Every structure is written in structure tokens, then in C-alpha cells.
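# Coordinates in review
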Amino acid sequence: MIRHETQIPPPEDIYPIDEWKIVETQFNPELMGQTETVFATANGYMGWRGNFLEGKPAVQNGTFINRFYETWQITYGEAAFGFAKTGQTMVNVTDGRTIKLYVDDEPFDLMRANIAKFRRTLDMQNGTLEREVLWETPGGLLVEIKSKSMVSFVHRHLGVIAYSVKVINSDAPLAIASIVRGTQENPVSEGDPRQSRGFIKKVLLPEQDSSDGMRVILNHITDASRMRIACGIDHEIETECPVQFRSRSEPDYGEVVFDVQAKLGRPINLTKYVTYHTSRTADARELRTRAGRSLDKAGTTGLYTLMAEQRNYLDDFWARSDVSVDGNHDFKIRRPKEVQQALRWNLFQIIQNSARVDGCGVGAKGLTGQGYEGHYFWDCDIYVMPFLIYTNPQIAKNLLLFRYSMLDKARERARAVNQRGALFPWRTINGEEASAYYAAGTAQYHINADIIYAMKKYVAATNDREFLRTKGAEMLVETARLWLDLGFYSEQKGGAFCINGVTGPDEYNTVVNNNLYTNLMARENLLFAAETVSQLREESSEEYANLLRRTNVREEEIAQWKTAAEKMLLPFDEKQGIHLQDDGFLERKPFDFENTPKDKYPLLLYHHPLVIYRSKVIKQADVVLAMFLLGDKFSFEQKRKNFYYYDPLTTGDSSLSACIQSILAAEVGDPELAIRYGLSALLMDLADIGRNVKDGCHIASMGGSWMVAVYGFAGFSDCNGKFAFNPRLPKEVEHLSFHLMLLRQRLHIDLHTGYTIYTLERDGTGLTIEHKGNPVELEPGTALKLE
């Protein structure tokens, strides 16, 4: 049930609806925190919040580099064996964007300026953030200021800003100061555990600085983690007006100032290139050299080619990833164009925060804010990976490779908590567990199975057996060992294999016995491990020998995994005919929903954890999530009973919940509820439903909105590598279309009220799917219409 009061989107007279753009037509400081997130640009490696180029005003002027972090010692009032010791926080790094304008010695300041015209646009086809301002100075000068900035998808370390100034009613002296600054804020949490803890101390310590012509480079090192970063800026200026420049640098600051005698109506066009390079091993000199090379390459390539490359990248992305939706005007106060805009913005933010991860993960907030410290959770594996697997499989593979790179630290973590095998961290940046609250952190052992679930889906969708044999098998062995060691055969449960003392996805019920989601996912993990190792032994003696060297896996272990899976306890209440979220769920005290005001959600901000833990209340989909991920393990009637039992108990205090509830509502035949939940997931950030979008995007909910369209309304299922569709468009949706990459072939699915058209692209080899339970053979280049 939706417990939160739905927030109203920003006013349309200021934020008009455009299917391919987010537009702001008026400077609106009241929504500045929200718009800094909404207008963010990134490429998966580096990210810029949607701040104004002047640097101020700002809620948080933010630049983030994926996996660039500071460490800190976790302090416990009462420590215990195996607790996480070192926290990690993504650092707000060197600001290379700021450009300040002075006209006739008058500084341009949005908060004080007389603005005759203002328009800001996030262009999702060109991958740019644009702004156009007409400023009337106190002296009566009319100044047109235009800018276009981007973080390059093609050039991982590069950001570009095109900045243009024109005085349109007089000649006037002006100065443009292009700045790079090492002192950025890392704000301290306001008491909300979802926010970053921040730092009071100075995090970035200066190492070197240099200025040469129009180029400035600053080098810094973090205080504790000792990670190095170089930020460089360089420029090109084009104008018919007389211009001079000067540059300087000091340890925490550098600038290039252009003094211009502006002529009536003559533009001054400045191009600013910004680059970032980071390392855990290279010295400052090496990073400065790398930054210099990136700036050289940017200057050689040039602004227009860089912009064209950005457009080409996104043309390809949208050709593979777009979801087109149309419908009547009964979207429960949402018009079809608004739904289309929101859906594309969600997908655009996913690619912005994943495209160039290359050796990193995707954080809960991506690179749009410091919420959750910039940590990687299970969010990516369960909510973002399906979109990437079926539209951008190379990115999905890169993320799996990143998980594999953490395997040795996962082995260490398992030993630290007295277990065999490997235990992946619940939240991390560097591979070490960073959760200081074990009940809702380390106890979420399901992270292991979530990663394996994503890998299994990837292999089934791409047939990348090479990844499975060379890397996946090793992950499977170590995660299966963890499950076998964690569980036990209980005499009290008739010899069933039980897993006690764990926390499932629902963080309002912690350290429980036999969480259904955990047990089901562990079972899948164990069976997949046994199947894969057995096949590897039969099919590839060389790769099996490599696996033996890396893991020393024994044949008897395979049998043990199978037995544990076969005897896995799945708690079920015969009287009510429902699966139990855990052994003791029905014994908890009913929560007083009726007398809990809507402004007292999320409960975690207003109730002591023990009050929540002893109550029959759910933060987010748990059993319902299990029914979505492992849909073939439940009958329709079981899904229906489970859904209607658990839905009223679910607060939706997590942004991860609404999308899953929408999909199951659609599946059990409740289209009205599916639409309500689907819109909640879709507008999580644009309507600021969680009231915390200022801290960054909810990347998982964005992936969830894609799943609502594809798994929910198109009725897609992919259990055990079988691709099936059971379309169930609600009456509000008249048309839905998208592409999926299935076994390296692109399939276009075009749904209309009453029929569906499947088209396999011409370069395919043929594909078998199911439509409403019936097998269908698809031939390349042929459209097949089915009712």
C-alpha cells in the first residue's frame, strides 16, 4: 500500500513537458537542491551535479569521480568481533567547472541579477546541459549569456563547456574568470542515515599545481585513503573583440582570466575543457602528465567533433534502449507525454551513471550526489542490471567483472565473520564491508545470491559461456560454500536445511530465521553452482583444472550443494495459504498504520529500530520481490494470496519497493494498482516522492521503472533462459514499444491494445519465444503480429 503522500511535480509553467528534454524556464531557487540532481550530467566515471557555472548559489556544488573515496575509522560505542572497521565515503572532488563573469566590473550573480530571460535544458538526445540568460546590469547593459556543457561518453576523463557572452546594446569591458578550485564541501549528515556522513576536516590535500598559457592543473591527495587526483582545465577563445588573458595557480586554486573589450553584438565564445585522472598507485607527476595528454587530445579533437560524438553515442543508446509509451489521458493525473518524459529521463540517468564504469560499480545515487556515501549495494545487481543486460550487455559485463574483482576481499570478509567461502560486502566502494550496522548490513547475506542471480540472467541472455567458465564458476563455488556453511539441517524442522540469523531485503525485519527471499535465492545459487561446476568438469578439462587451482573444489561439495538446495526450508502457513516472510513474521505485533500520520514516514526517521523490528510492518517488497525474481517457483494463486497479504503491510519507505509491487499487481490482475505503483516508481525523483532527491537520484528505482514497462505491462519473463511474453497493457496505456537483446539478436516488441508485433532484426539468426504460453518461431527481418 502507498503510505506516502504523493508529491506534486514542479509547476508546468516553469518546467514544461518535453519528451526528450527537461526544461526550466525560470530561475527557481526554492527547488535548487532538487534541480541540482535532476540536471546532473555524468558518464559513469565522472559526474557533475546540475549546478550553475558561477558556482553559486548552490545547495551542494558537486563533482564526483567513481570509486574515488576517503576512508575513516568506524567508531562503535561497543565493538564486537567481525564488525566492519573502515568506512568509505565518495569525495566531492576538485571543481573544474566554475566560470565567473564581470561586465563593467559588475559580477553576474543569479540571486541578485535582474534576469530578463532564463532557460535551462537537459537535452537527452544530445547529452548536454544548456542555459540561456538575458541579464540587465544595474548600468542598463543587456548581456546575453549562453552555455552548453557535457560529460563525454566517448572520452571517459573529459568534460566540456561552451560558454558565450554577448553585450547586445553597447560596447563594454568584461572579464571571464575560468576557475579550478580544490576546496569543495563534503556536507555532514543532518541526521538522516540515507545521507553521507560528510567530513568536517579537509579531505583533499594539495600536492602540486601548475599554470601554462591557458592551462591549469591541480594535484591533490586524500588525507587518509591516500588516493591521488589531478584536475586540469584548458581553453580556446574565439571572438572579434580585443582580448587578453592571464593565468595563475596556487596549491588549492587556479584561474585563467580573459579581459575583453566587448563590442556591440559581437559574441565572445569560450571553450573550456576539464579533465580528471585518479589513481591509487601513480604519483602526482604521472597524473599531471595524463591530464595534460587528455587536454591535448580534447583541443585537437575540438568542440564540434566532441559534441557530434556525444550525439552519435546517444543515438546508438536510444536505438537500443528507448521505451516508447502512449496512451489516453486517464493516467491518474499524469498525461502520456509526462510519462514518456519521465521514463526517458530515468533511462538517461542510468546510462549517465553506468556507461563508463570500467572497473567500478554503480552507486545507489550514481554520481548525482553523496547520498549513501556513494556506496555500491545490491541495487545495481537486481534493479539496474536487467535493463543493462537486455539493452547494453557490455556494460552489464563490465559490472560483473567488477564484482569478480572483489572476490578476494569477499573471501576475507567471510573469514572475518567465521564463515567459509566468500561474502560480498553489503555496502562498499573498495570491496571492504563499510556497513557499521550489522543487523541491516552484514546480515543481508542475500547479497551473494543477488550477484549470482544477475550473473545467471546475463549468461542466459547473452550466452556468454566464456565469462561463466573463466570467472563466474569461481564466484559460484565460493558463494555456494558460504551458503552451505551458513545453514544447517534442523531436527526441529524435520531435517530441512535452514538459514538463521539473516536479514532479507526488508530492513524492518532483521536477523530473522529462514527469510523466504534469502532461502529461495540461496537455493538458486547452490543449484546453479552445482550445475555449472559439473558441466565445466565434463566439457572443459583445462578450465576445470584452472578452477581447481583457484578454489580446490571437491566433488563431494557439489553433492552437498544439491542436497542443501533440495532440502531448503521455505516457510509456509497452511492455515492462511501464504508463504511466510520468515519463521516468526506472523508472531509480531500489528503496526498501528491507522494512527501513523503520512508525514511520519519513512518510519526509520521517527521510530526506534526495536519498535519497528517487533512490529508486523515491511519497509519494502520481500516475499513480493521473490515472487517477481523467481516467478516460476510460485503458482498464480500463491502469488495472488501472498501479494494481497503483504501489500497492506508495506510502507514503501524504500524507493526499491514501488516498482516491484507494480509488476506483481499487474501479474495478479490489478491494473489500477499497477499503474499507481508504476507512477510512484517512475516519478520517484522528478516528483521528489521520497523528499530527498536533493541527495541524488534513486538509480535503482529508475531501473525499476524500465522493469515495470517490460516485465509488468509487456508481461516479459525470462525464467531459466526462456523468453516469454504475456502482454497485459492497462487501459491507460494504448501503445508500448521497446527493444531487447536476446542471445545477441535485437528483438523489437510493439504492443497495442489487443495485439503485439514482434520483429527480429535482419542480422539475427532466428529466435524462439513464447507468446501467451504458445511457442513462436521468429525469423530475421519478419514482423509477426499476434493477438
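Just above, that's the structure.
A brief report on the enclosed structure follows. (Residues numbered from 1 in each chain as written. Predicted model: local features only at pLDDT ≥ 70, side-chain atom pairs only at ≥ 80, totals over all residues. Heavy atoms only, no water.)

### Some thoughts on the packing of helix α16 (residues 658-667) against helix α17 (residues 671-682)
At a minimum axis separation of 8 Å, α16 and α17 run at an interaxial angle of 160°. In terms of orientation, α16 lies roughly antiparallel with respect to α17. The handedness of the crossing between α16 and α17 comes out as left-handed. Where α16 approaches α17, its residues A658, C659, Q661, S662, A665 and A666 are matched on the opposing element by L673, A674, Y677, G678, S680 and A681. Residue composition of the contact of α16 with α17, by class: eight nonpolar, four polar and no charged. (Axes fitted to C-alpha atoms, helices over the stretch in contact; angles between N-to-C directions. Helix = DSSP H or I, 4+ residues; strand = E, 2+ residues; numbered from the N terminus. Parallel < 35°, antiparallel > 145°, perpendicular 65-115°, else oblique. Left-handed = near helix turned anticlockwise from the far one by under 90°. Contact = heavy atoms within 4.5 Å. Nonpolar A, V, L, I, M, F, W, Y, C, P; charged D, E, K, R; others polar.)

### Quick word on the sheet that holds strand β29 (residues 733-742)
The strand order across the open sheet built from five strands is β20-β29-β30-β31-β34, with neighbouring strands paired in antiparallel fashion. Sheet topology places β20 (323-327) and β34 (783-786) at the edges, where each strand pairs with a single neighbour. Neighbour to neighbour, the strand axes of the sheet diverge by 15° on average, direction disregarded. (Pairing = 2+ DSSP bridges.)

### Quick look at the side chain of Q620
For Q620, the position within the fold is in the loop between β26 (615-616) and α14 (623-629). Those residues in contact with Q620 that sit more than four places away from it in its chain are W378, P505, D506, T650, S654, L656 and S657.

### Thoughts on the pairing of strand β32 (residues 767-771)
The alternating pattern of β32 places L767, I769 and H771 on a buried face and T768 and E770 on a face that is not buried. Relative to β32, strand β28 (residues 724-725) runs parallel, the two being bridged by two bridges. Note that in β32 the partner of F725 across the bridge is H771. Pairing of β32 with strand β33 (residues 774-778) involves five bridges; the strand directions are antiparallel. In the sheet register, E770 faces β33, and the bridge partner there is P775. Where β32 folds back onto β33 in an antiparallel hairpin, the turn is made up of two residues, including K772, whose phi is positive at roughly 55°. (Buried < 20%, exposed > 50% of the residue type's maximum accessible area, 1.4 Å probe, protein only.)

### Observations regarding helix α8 (residues 446-462)
Here α8 contains 17 residues, and its C-alpha end-to-end distance of 24 Å stays within 8% of the 24 Å for a straight helix at 1.5 Å per residue. Burial analysis of α8 places 15 of its 17 residues in the buried class, the great majority of the element. (Expected span 1.5 Å × (residues − 1).)

### Quick notes on the sheet that holds strand β3 (residues 41-42)
Strand order in the open sheet formed by four strands is β3-β4-β5-β6, with antiparallel pairing between adjacent strands. Of all strands in the sheet, those bounded by a partner on one side alone are β3 and β6 (86-92). Pairing between strand β4 (residues 46-48) and strand β5 (residues 63-73): three bridges, direction antiparallel. Residue pairing for β5: W48 is matched across the bridge by T63.

### Some details on the environment of A665
Here A665 shows up in helix α16. Looking at A665, the relative accessible area reads 0%, which means it is buried. The sequence separation of A665 and I351 amounts to 314 residues, and the corresponding C-alpha distance is 28 Å.

### A few points about the packing of aromatic side chains
The full count for this structure, using the stated rule, is 31 aromatic pairs. A ring pair is formed by F153 and Y313, whose centres lie 4.8 Å apart and whose planes are at 10°; its orientation type is stacked. Of this pair, F153 sits in the loop between β11 (142-151) and β12 (158-167) while Y313 is found in helix α3 (residues 303-321), placing the two residues 160 residues apart along the sequence. Between F245 and F258, the ring centres sit 6.1 Å apart and the planes meet at 40°, which makes this aromatic pair tilted. Highlighted residues: F245 in strand β17 (residues 243-250) and F258 in strand β18 (residues 253-262), separated in sequence by 13 residues. Look at F245 and you get partly exposed, because its relative accessible area is 41%. Aromatic ring contacts, followed pair by pair, group W20, F317, W318, F387, Y390, F628, W706, Y711, F716, F723, F725 and Y758 into a single cluster. (Phe/Tyr/Trp six-rings, centres within 6.5 Å; stacked < 30°, edge-to-face > 60°.)

### Considerations on unusual backbone geometry
Both trends apply: most residues other than glycine have a negative phi, and most peptide bonds are in trans. With an omega of 0°, the peptide bond running from K56 to P57 counts as cis. Structurally, P57 can be placed in the loop between β4 and β5. P602 follows Y601 through a cis peptide bond whose omega is 0°. One can find P602 in the loop between β25 (589-590) and α13 (609-613). Unlike most non-glycine residues, D105 shows phi in positive territory, near 70°. The phi dihedral of E373 falls on the positive side, at around 65°, and the residue is not glycine. Checked against the element boundaries, E373 lands in the loop between α4 (336-352) and α5 (379-391). Overall, the relative accessible area of 7% leaves E373 in the buried class.

### A look at the pattern of salt bridges
All chains considered together, the criterion is met by 50 salt bridges. A salt bridge links D408 to R411, with the shortest nitrogen-to-oxygen separation between them at 2.6 Å. Here the residue D408 and the residue R411 both occupy positions in helix α7 (residues 407-416), the gap between them amounting to three residues, near one helical turn. You can call R411 buried: its relative accessible area is 11%. A salt bridge links E474 to R550; its shortest N-O distance comes to 2.8 Å. Remark: R550 occurs in helix α11 (residues 541-551) and E474 occurs in helix α9 (residues 465-486); sequence separation between them is 76 residues. (Salt bridge = Lys/Arg side-chain N within 4 Å of Asp/Glu carboxyl O.)

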